[in-house]
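# What the coordinates show
The lines below spell out each chain.
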Amino acid sequence: MSQNLHHQENDAVPTDPDNIQRLAPGRSESQNHSPIDRILQRAGRHHFAFFRAYLEGLDQYEMAKRYLENATTTRISSKEIVTTLQWIRKDLSVIAKRHGKFAYARIINIEPEQLKPVSTVEVPSLAAYREERDPYEMYSEADLIELFEEEYGDVQPDPRQKRKASLLKKQNEALNWLEAKVAIAPHLNDPVGAWIIPAVAQRLIAAQIDTVGDLLNTINLKGRLWYRNLNQVGEVTAARLVKWLQLYEKDLGQSVSTFAMVKHRDLDVAAMEASRPKEFGIVPLEYFQPHPYLDGSVGENRAERNRSGVNNDYDAIQSWLKLVEDNANTYRNYRKEAERFLLWSVLERGKALSSLMADDCIAYKNFLNDLGRLTPEAWSSKYCIPQEDWLGKRHTVRWSPLWRPFENPVRVKKSPSSKILKQFDGMPPDLSVEKTGVLSVASQKQAITIVKMLCETLVRQRYLDSNPFETVKASKYGVFKSDATRSFTQQQWDFLIQHLETYEKNSRYFRLRFMLTLAYETGMRLSEMAVARAGDIQRFALAGTSEMGYQLHVIGKGNKPRDVALSHNVIQELNTYLAHRGIKSYQDAPPVTPLIDVAPGYTLYETRENGEKSTELRRPERTLSSRRIFDIFKAFFVEAAYCMAKESKEDARHMHRASTHWLRHTCGSHAIANGVPVQIIQDQFGHASIDTTTIYVTTERDNKFKAFNKFSETVKKK
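Residues numbered from 1 in each chain as written. Predicted model: local features only at pLDDT ≥ 70, side-chain atom pairs only at ≥ 80, totals over all residues. Heavy atoms only, no water.

### Focus on the overall build of the protein chain
When helices and strands are counted, the protein chain shows 29 helices and seven strands. Across the 718 residues of the protein chain, 44% fall into the buried class. Taking as baseline every contact in the protein chain between residues at least 6 positions apart, the subset at least 24 positions apart corresponds to 63%. Carbon together with sulfur atoms contributes 51% to the accessible area of the protein chain, which is approximately 39400 Å² in total. (Helix = DSSP H or I, 4+ residues; strand = E, 2+ residues; numbered from the N terminus. Buried < 20%, exposed > 50% of the residue type's maximum accessible area, 1.4 Å probe, protein only. Contact = heavy atoms within 4.5 Å. Areas by Shrake-Rupley, 256 points an atom, 1.4 Å probe, with all protein chains shown as cover.)

### Examining the packing of helix 21 (residues 507–522) against helix 26 (residues 661–673)
One way to put it is that helix 21 packs onto helix 26 with a least axis distance of 6 Å and a crossing angle of 50°. The pairing of helix 21 with helix 26 is recorded here as oblique in orientation. Across the interface between the two elements, Leu516, Ala519, Tyr520, Glu521 and Thr522 of helix 21 pack against Leu663, Thr666, Cys667 and His670 of helix 26. Considered class by class, the residues forming the contact of helix 21 with helix 26 number five nonpolar, three polar and one charged. (Axes fitted to C-alpha atoms, helices over the stretch in contact; angles between N-to-C directions. Parallel < 35°, antiparallel > 145°, perpendicular 65-115°, else oblique. Nonpolar A, V, L, I, M, F, W, Y, C, P; charged D, E, K, R; others polar.)

### Description of the side chain of Asn220
Within the secondary structure, Asn220 is located in helix 10 (residues 212–222). Classification of Asn220 by relative accessible area gives buried; the value is 18%. Residues in contact with Asn220, not counting those within four places in the same chain, are Ser255, Val256, Ser257, Phe259 and Ala260.

### Here's the deal with the pairing of strand 4 (residues 548–555)
Of the pairings in the sheet, the one linking strand 3 (residues 537–541) to strand 4 comprises five bridges and is antiparallel in character. Counterpart to Arg539 in the pairing with strand 4 is Tyr550. The loop that links strand 3 with its antiparallel partner strand 4 comprises six residues; one of these, Gly544, has a positive phi angle of about 80°. Relative to strand 5 (residues 561–566), strand 4 runs antiparallel, the two being bridged by six bridges. What sits directly across from Leu552, in strand 5, is Val564. In this structure, the hairpin formed by strand 4 and strand 5 is closed by a connection of five residues, where Gly558 is found at a positive phi of approximately 75°. (Pairing = 2+ DSSP bridges.)

### Focus on helix 11 (residues 235–247)
In this model, helix 11 (13 residues) spans 19 Å end to end at C-alpha, consistent with the 18 Å of a helix rising 1.5 Å per residue. Along helix 11, the residues that are buried comprise Thr237, Ala238, Arg240, Leu241, Val242, Lys243, Trp244 and Leu245. (Expected span 1.5 Å × (residues − 1).)

### As for the nonpolar core
One finds Phe341, Phe367, Trp390 and Phe406 to be the most contacted residues of the largest nonpolar core, which totals 56 residues. With nine residues, the top contributor of residues to this core is helix 15 (residues 328–348). Residues in contact with Phe367, not counting those within four places in the same chain, are Trp344, Trp379, Tyr383, Trp390 and Phe406. If you look at the next biggest cluster of nonpolar residues, it comprises 51 residues, including Phe514, Met529, Leu624 and Phe637. (Core = buried A, V, L, I, M, F, W, Y, C linked by side-chain atoms within 4.5 Å.)

### Some remarks on unusual backbone geometry
For Gln208, which is not a glycine, the phi torsion comes out positive at approximately 65°. Mapped onto the secondary structure, Gln208 falls in the loop between helix 9 (198–206) and helix 10. Take Gln208: its relative accessible area is 67%, and that puts it in the exposed class.

### Comments concerning the packing of aromatic side chains
Within the structure shown, the criterion is met by 26 aromatic pairs. Ring centres of Tyr364 and Phe367 lie 6.2 Å apart, and the angle between their planes is 20°; on these two criteria the pair is classed as stacked. Residue Tyr364 and its partner Phe367 are both found in helix 16 (residues 358–370); the two are separated by three residues, about one turn of the helix. Comparing Tyr364 with Phe367 shows no difference in burial state: the two are buried. An angle of 55° between the planes, with centres 6.0 Å apart, marks the rings of Phe636 and Phe637 as tilted. Neither residue differs from the other here; Phe636 and Phe637 are each classed as buried. An aromatic cluster of at least three residues, connected via ring pairs, comprises Phe341, Trp344, Tyr364, Phe367, Trp379, Tyr383, Trp390, Phe406 and Phe469. The ring of Tyr314 carries Lys278 above its face, with NZ or CZ at 5.2 Å from the centroid. One Lys or Arg, Lys505, reaches over the ring of Tyr509 and ends 4.9 Å from the middle of that ring. (Phe/Tyr/Trp six-rings, centres within 6.5 Å; stacked < 30°, edge-to-face > 60°. Lys NZ or Arg CZ within 6 Å of the ring centre and 35° of its normal.)

Printed below as a string of structure tokens:
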């Protein structure tokens, strides 16, 4: 606590329970009749400025918007202004009485209307009277005085005017004394409880926001929705806290960032990116600034005849990424793994990337596996940088100080929708499955494969002398094999379709219905569905018949083109969906029309090359993003899982884990079960190897189970 605050703490006015509307236990701010009327325990300079302006008769709405923390909207209500004036006067009266200034306590309660000047006749001077009545000096001075006395002789000064002027002077004296006594500014190291009412301060402290500085840092780091995970702190209270901090930015020495004030879609992303300096720490690749002796310019594994055209590890990675910049998904995955590898090499291993050897690569593989699996004690005994420093929230913008290279496996559980809560009387079952480790075996393998490719490319360019991963043996965790069990059984799929039919039959329903049909009946990848357009559909005559067939031309994994068969049912669902978008059929749609589009009434924005949203409106021909399509599917699976919980907890947990890619596995499994040849599925799915497709063939597994189950039953009978 600052020295100034200590000196004045006896003049703090305790929070009055009658003057503060407290939140009901277990209820959010929005569930109460109105938000808390007051968030501060003491009057500040801004309250005095507002009070003075009110007493001087200035526009109270304009003054409230300028000075009051609870004026966070374009117009504050008159009720809020009256309430604020009441508690300001009450607090000041208590302080005045505490110091024996009872006259001050009374005089600050006088309303400005009571001190307005009394309307009287203005008596001019004799010179002004002559100028008005005798500009040509026709009267003698004696005659002029006689005329003046006849007109103004009976006018006497109003004693009420003198009394009001005296009261106004004393009121100003009282305000000056009170302001000097208690109107102090907050400091960064002040406890939040010294300024903010207990009802709010306790919730901030519970979230480890102990000081005013902590509050300001939290707001600047997390942005406009910084309060989202705070218990019972809503939008109104959060906005008032931000406004309060803004009023004292000069005293605090720090400002509330633009990130905390503007909606994400309205942010000038380019300005935010440019404002972040480069530094030596766990930051995105573009902001990373290693020490000169760790930048790779003199790496121990550098080739003698460098033909890459670059001379440090950062530029080497950038030149490698340029090879895949045409494919946004591949670029993001390659950049993610390269920056993880570089950060670990420099910060944890203490070596330039171009100085790593085989033992370092083994250590990196162990690092990836240990993340999220070791206790803090075990981690600290093995690694230099704390484990939590590597972990952060998924989808954090890259220019945010909260960005981290790995996703924290411990996620904040989201509350189910109101529709689900009603089904379970507000107590739905917990269907989540705890995640073990940060990266799965498959993700670890992919990470090593990508950085191994990076090193191999740099060897071919003669930037590196040798690939340090070349002699590293396969992972001891075994070879990853695609898991066909990450799919829906026929019974589970039927339940999903039945659940879909409970939805209101609007444009969102028909969009989701088409999305499910497209994914299930074609086995397309998420990225392929996201970019599909009407012009990619090809119609052809089936040989030997008059029937027409349909296929969709896609560019799949590895930029490999292929044609995906579209059933008559898919075409029918597409046309039904297009009809709700005002298009008769796919043949009547412009070629650039996306098959999956935004819901009516919503505005989309362009996506920048780095994956961030820009402020530019999305062009009509742009498709819905892969992330948005993923979220739509995920929300549907989660809601269906809760409904399934009443019938089968096991099926519900399985469904709760589902993602978009499960529909691809489901298509393959169900197609095999219904007699579709493996070779055709391989071609439809775009698998490079038939071995990948055969994961959906379960005949051998089923026969093995049946045989041994029959053997068991035979033994029991004996």
